[in-house]
Each structure stands twice: as C-alpha cells, then as structure tokens.
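Given next are the chains, with one letter for each unit.
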Amino acid sequence: MFFPIRFVGRSCLRLANKETIQLKKQSLCILTREIHFNYNQNQSLLIQNRFFSSNNTNNTTIPNDKIPPNGNQEEPILTFDMAWNVSNILHGYLQDGNAGKELDKIKSKVGDDSSISARWREMMNIVKKLQLHCIVPYGYQPDLRGLKLFNNSFSRLLESDPRKEELKVLEQRKWDVMLRRAFQLKQTKRIDLNQAREYTEKVAEALGRPEFVAEVIKLKGELTEKGLKQYLEEAVLGMMVDEQMKWMGKYGFEGEEGYIQMQHALLEHVYDPEVSHHQVSSTKIVFKALG
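Just so it is clear, the model here is predicted, and its values are computed rather than measured. (Residues numbered from 1 in each chain as written. Predicted model: local features only at pLDDT ≥ 70, side-chain atom pairs only at ≥ 80, totals over all residues. Heavy atoms only, no water.)

Caption draft 1: Spotlight on the overall build of the chain. Helix and strand counts for the chain come out as ten helices and three strands. Going from the N terminus to the C terminus, the chain shows its helices and strands as β-β-β-α-α-α-α-α-α-α-α-α-α. Relative to its 291 residues, the chain shows a buried fraction of 54%. For the chain, the exposed surface amounts to about 13400 Å²; the carbon and sulfur share of it is 50%. (Helix = DSSP H or I, 4+ residues; strand = E, 2+ residues; numbered from the N terminus. Buried < 20%, exposed > 50% of the residue type's maximum accessible area, 1.4 Å probe, protein only. Areas by Shrake-Rupley, 256 points an atom, 1.4 Å probe, with all protein chains shown as cover.)

Caption draft 2: Local environment of the nonpolar core. Membership of the largest hydrophobic core comes to 69 residues, with the highest contact counts inside it found for Leu94, Trp120 and Met123. The biggest single contributor to this core is helix 3 (residues 116-135), with ten residues. (Core = buried A, V, L, I, M, F, W, Y, C linked by side-chain atoms within 4.5 Å.)

Caption draft 3: Expanded view of the packing of helix 3 against helix 5 (residues 164-182). Two numbers describe how helix 3 lies on helix 5: the axes approach to 11 Å, and their chain directions differ by 135 degrees. If you check the angle between helix 3 and helix 5, you find them oblique. For helix 3 against helix 5, the interelement crossing comes out right-handed. Of helix 5, the residues touching helix 3 (which contributes Trp120, Met123, Met124 and Val127) are Trp175, Met178, Leu179 and Ala182. For the contact of helix 3 with helix 5, a count of residues per class yields eight nonpolar, no polar and no charged. (Axes fitted to C-alpha atoms, helices over the stretch in contact; angles between N-to-C directions. Parallel < 35°, antiparallel > 145°, perpendicular 65-115°, else oblique. Left-handed = near helix turned anticlockwise from the far one by under 90°. Contact = heavy atoms within 4.5 Å. Nonpolar A, V, L, I, M, F, W, Y, C, P; charged D, E, K, R; others polar.)

Caption draft 4: Up close: helix 3. For helix 3, with 20 residues, the first-to-last C-alpha span of 28 Å sits near the 28 Å given by 1.5 Å per residue. Of all 20 residues that make up helix 3, 19 are buried, and the element is covered over most of its length. (Expected span 1.5 Å × (residues − 1).)

Caption draft 5: How the structure looks around the pattern of salt bridges. Under the criterion given, the structure shown has 18 salt bridges. Taking the shortest distance from any N to any O, the salt bridge between arginine 180 and aspartate 176 comes out at 2.9 Å. Note that arginine 180 and aspartate 176 are positioned in helix 5 at a spacing of four residues, about one turn of the helix. When its relative accessible area of 32% is taken as the criterion, arginine 180 is described as partly exposed. On the basis of relative accessibility, which here comes to 21%, the residue aspartate 176 falls in the partly exposed class. When the shortest N-O distance is used, the salt bridge between arginine 209 and glutamate 211 registers 3.6 Å. For arginine 209, a relative accessible area of 29% puts it in the partly exposed group. (Salt bridge = Lys/Arg side-chain N within 4 Å of Asp/Glu carboxyl O.)

None of this, on its own, says anything about what the molecule does.
Written out as structure tokens, the structure is:
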C-alpha cells in the first residue's frame, strides 16, 4: 500500500510550526503525531520505508547489522503463535479499544489544513504505540531495536511459515479497520491481480526515474540549508504520492477518497511476490538518495 497523499504545494515551510516529538527509550515509548526515531545521532530512520504501507508496520525488514545496538540483549525467537497473538491483540484494540477512538479523531481533521500525509502518519503512530506495548511480553524491548527485530521476524513468518495465510488474513483485517476508522472509508473498490501488478510497476518506474531521485536530493539540500531537515520525510512522502496519483485514474480511483480506496484494494494483493517486489525496489532508491 502507498504512503500518504499529496504534500500540498510541494512546500514544507508550512510544517515549521508542526510539533515534532522525538521517540525516547522509555517504558512503552509513547508515540503521538510527528515521530522521528534518532538513528546514528543525526539520521532519521524512516520506519515507513515502503511506498506501499498495507504491510509497513510488520513487513519492513532491515539488516540486523543496521539495527542500533542495545546492550547484550539476545534477539527473541518469534513463533507463529506469538506473532498471531500480537496481531490479534492489535486488531482488537483498534476495533474495540481506545485506540479505535483515536483513529476516529483523525477523520475529523479533514479540511483543517491537515494533509492525508499527516493524517496517515498519525494513524501509523497510533499503531506503532500499540505494537511497542504488545511486543514487550514476548521479550522485545519497547524501543527502535525491539520494534525492528520484531518486524524482521514477523516478515520471515509471513514468507515461510506453513500457517502464514492465517497471519495474512488477520493483518488484512487490521488494515481494514484502520482505513475505515481513520479515513471514514465507506465505499470500497477492487482491482484484480494483473491490475495491481501493472499499477505497482508503473509507480515503481516513476519513483525510480533519475529525474525524480534528483528532485529528492534537491529538496534534501534546500531543507537542510533552511534548517528544516526534520520535515524531509513528510515532504518526500508527498512527492511520492504525487507520482502515485498520476496512475490511479486508469483504474477508477480519483482524489483523496480514491487514494484511500486504492490502498484498501491493494490489501488483497499485497503479499503477491511481484507486487511486493515493485513496492520495495524503487523505494530503496529514493531513500538511498536521502542518505
């Protein structure tokens, strides 16, 4: 699934007054609004590093040697039952708990100069807060390292466990709740597998163009010069969505509502190897350009 929608005006100066809250290593790590994980002191590690995000809380894999050290803690062994429990609890909290009410508040911000990009990230922060809470009983630390270790292990189960289909269905149910509550999604549409592959391939090609990467590098320089580098992530996500939006109309999706409908439609195909490959390949190029 894609990252959030259009970054209005392609300008990030208006973000200067938005609150940026740094994630600190403390019990349960409360997450709200704009969250940046400090990585290697001055590099913001982008948790949402795939332009499709139906999987990005649980299927974002980075090499273990890139995870910041945290003492001598051994990596917990994640079993299928443990992973299923975490996903099921997350779904329950989002469906029936206070977290669901937090999602409901997001949809009320439409028209309040809050882009879909900002609202999408707020939705993801709610989920990450819950995830940090849920992984602690299974031996993971409530910090960046613990979250990434869990996500890496979760991804491996989705790829190879004999019962992986059960886990995929539960993840799709979780995302269905998130999109319906946070964005008041009422009417859904479907696309077939060939359309999903074609669409993701077109977007991947667009994001991997040298011209697009050059724009990203230019924006990085401009924001760094103005002392606004902390807003680079949202600005780039907006640029990426601009490219995504160019291809949606062919499949009957238009505007902000169409964007969310497309994300929901892609849930059905997000685990297809070809779709997954398109999701990852060009995005790596973009974030490599960010350094």
